[in-house]
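Coordinate inspection notes
Spelled out from the first residue to the last, the chains are:
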Amino acid sequence: MSDPKSDDGAAAAGDQTRTSGPSGGRPSSGRSGRTSRPSSSKRKSKKGPPINPDACPEPKAAICDDPEARPPRPPPPRKSSAFIEFIRRITGRRRKIHKICDCKSKTRIGDTLTELYDEDDEIYEMASLHMQELLRKKRDGGELTEDDLYWFAENVAKDRIEECQIGAMLMAMCIVGLSQKETRDLTQGIINSGEVLTWDESWGGAVDKHSTGGVGDKVSLVLAPALASFGLKVPMLSGRGLGHTGGTLDKLESIPGFRVECSLDTLKNALEVAGCFIAGASENIAPADRILYGIRDVTATTDNIPLVVSSIVSKKVASGAKHLVMDIKVGHAAFFKTIEDARTLANEIIRVSREFGVTTRAIISKMENPVGKGIGNSLEVEDAVECMRGNGTHDLVELVAIAGGLILQEKNLVSSLDEGKASIIKSLNDGKALKCFQDMITCQGVDPELAETLCKGYTSKVLRHVPQSQITPMRVASKGTITKIDALELGTAVWRLGAGRVNPDQVIDYRVGIWLTHVVGDQVAVGDVWAEVHHNSPELHPDIQKQIEEAITIEPGKLPVEKSLIIEII
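For the chain, the name recorded in an unreviewed UniProt entry is Pyrimidine nucleoside phosphorylase C-terminal domain-containing protein, with Gryllus longicercus as its organism. The chain has a UniProt comment under Subunit (unreviewed entry) that states "Homodimer." UniProt, in its Sequence similarities (unreviewed entry) section for the chain, records the words "Belongs to the thymidine/pyrimidine-nucleoside phosphorylase family."

Quick look at the structure:
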């Protein structure tokens, strides 16, 4: 199960191929394909005689032994990504790939590999021994010190700790638990493992939002420009989707030309021009969390609240945020199933983030039905644009208005939450939020004319869509009131259509998804179309069609339905 980071970011686990090494070598780690190897005295190939460097063909031009007397050479050709991946699998040392890629011959590559092994062996062995001591300490119920956790995060980021040891530590943290101090120290250690972005102090402190993820949750796409329309700066670092919850970056990439990987100068320009950006975090932002996140996902440690808190807060602090609003989803289609767990997470995030100078408010909201009308990447962008044109559904507008209102209240721009909500809704209706969105996507690579066309509502001319022949209507079988549309079933169906991924490298189809023509609370009659399924095959697969048809619940008569998604504000 994935970490509750769908709006923020979903980080990817590294390659986890395990290879058993010979008995004379260091134990296999499994990290990024790192393999065991024999000691330096036993490095000859078992498949044939050792390679004699003197037997390698000489280059056409003689090479002088004196480096200073050699004529200047042009830089070597850039190695292909396949070559780099090959070396990565051999060495497991990503931070030193550039050394190997500068080599110009097989002999020099071999020498460089030997050099890297000799250089790093002692460091790895010392790290392994020290990690065993920390594991014993935590296993036996001890409390890890600040130095222990700083060392742990630093060496995870530097790829010095075996994957099995990291997994064992995460499991020990889950079983034994982490104290409040340990949670705080682990968060600081993850922050220290990479860069911390800083923004112009005259901006008065950047603001941000994080959601634990849900089906049809496109709140960030609307909220960031809405807040920017009040002069606030919103540097939002988000993630990709895994499983049935979509990722904010995937949705935005359905806009032709939109770039999620941007230079720091590009991001600063977006903040100055549009007031906001939504981009992917660089590898230098909380790098320890990238590795921990991937290992937590395969070791049944994703639901440990201290680990969730350290992951979320570390990235928000590293991104330079000073004010944060959390949207913690609860329900059948959410990561958290009980209000008690969601409340515990909210209070812990508020406590820990405050220690790092980030003021945080939290919303606990329902995740039983999809948010808005669009489910799937292009369709959710279309839904978000319509919301910023004043045509949003009640649930989407409510979430945006309350999250935005809390931020405006924290920034002392309004005197009450109600005033903040009204101000945000006004920005959605008068076009100010839409203008900031248009400026943002232009700053991040979208052609200005395309951006203008999209924001005028001509979404079909810009966004990727399937042909009309590949849109299948879902019809109502009985008359009455729609009381439920199962978000988990629809989210899973859209994932099966190709809008989601199983692993971070999987290619997704931005066009596919489901558009709801009716939502919960609507009155319907037999034969009415309640949903349109956009699929990339000539015919909708019968199993997926059945899954979607069974996701709707209709009760006879005209019934009152509670439309508010808000359970609690902390």
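**Quick notes on the state of the cysteines**
What the rule picks out here adds up to zero disulfides. In this structure Cys436 is not part of a disulfide, and its nearest cysteine sulfur, from Cys276, lies 6.1 Å away.

**Let's talk about the sheet that holds strand β8 (residues 480-485)**
One open sheet accounts for three strands, arranged β10-β8-β12; its pairing is antiparallel. The sheet terminates laterally at β10 (523-524) and β12 (552-555), the two strands that pair on one side only. For β8 and β12, the ladder comprises four bridges, and the chain directions are antiparallel. By the bridge assignment for β12, Thr481 is matched with Glu555.

**Let's talk about the confidence of the model for the chain**
Should the pLDDT be low somewhere, the predicted coordinates at that spot are not to be read in detail. Mean pLDDT for the chain: 83, with 77% of residues reaching 70 or above. With pLDDT under 50 throughout, residues 1-70 is counted as low confidence; its partners more than four residues away or in other chains account for 144 contacts. Below a pLDDT of 50 lies the segment residues 89-102, which in the model reaches 52 contacts outside its immediate sequence neighbourhood of four places, other chains included.

**Quick look at the side chain of Ser365**
Within the element layout of this structure, Ser365 appears in strand β5 (residues 359-366). Look at Ser365 and you get buried, because its relative accessible area is 0%. Here Asp327 takes part through its side chain, which lies 2.7 Å from a polar atom of the side chain of Ser365. Beyond its immediate sequence surroundings of up to four residues, Ser365 is in contact with Asp327, Ile328, Lys329, Val330, Leu399, Leu565, Ile566 and Ile567.

Definitions and limits used
- Throughout, residues of each chain are indexed from 1 in the direction in which the sequence is written.
- Only residues with pLDDT of 70 or above have their local features reported here, since the model is predicted, and side-chain atom pairs are shown and tallied only from 80 upward, although totals for entire chains, interfaces and linings are computed over all residues.
- Hydrogens and water are ignored here; the side-chain numbers use all heavy atoms of the structure.
- UniProt positions are given in the numbering used here, feature names are shortened, and annotations may be inferred rather than shown by experiment.
- In what follows, a disulfide is any cysteine sulfur pair within 2.5 Å.
- Between any two strands, at least two bridges found by DSSP are needed for them to pair.
- Only DSSP runs of H or I reaching four residues or more are called helices, and only runs of E reaching two or more are called strands; each is numbered from the N terminus.
- pLDDT runs from 0 to 100 and stands for how confident the predictor is about each residue.
- The contact definition used throughout considers only heavy atoms, calling two residues in contact when any of these lie within 4.5 Å.
- Throughout this description, buried means an accessible area under 20% of the type-specific maximum (1.4 Å probe, protein chains only), exposed means over 50%, and partly exposed covers the range between.
- In protein, a polar contact requires one atom able to donate a hydrogen and another able to accept it; more generally it is a pair of N or O atoms within 3.5 Å, and residues adjacent in sequence count only if both atoms are side-chain atoms.

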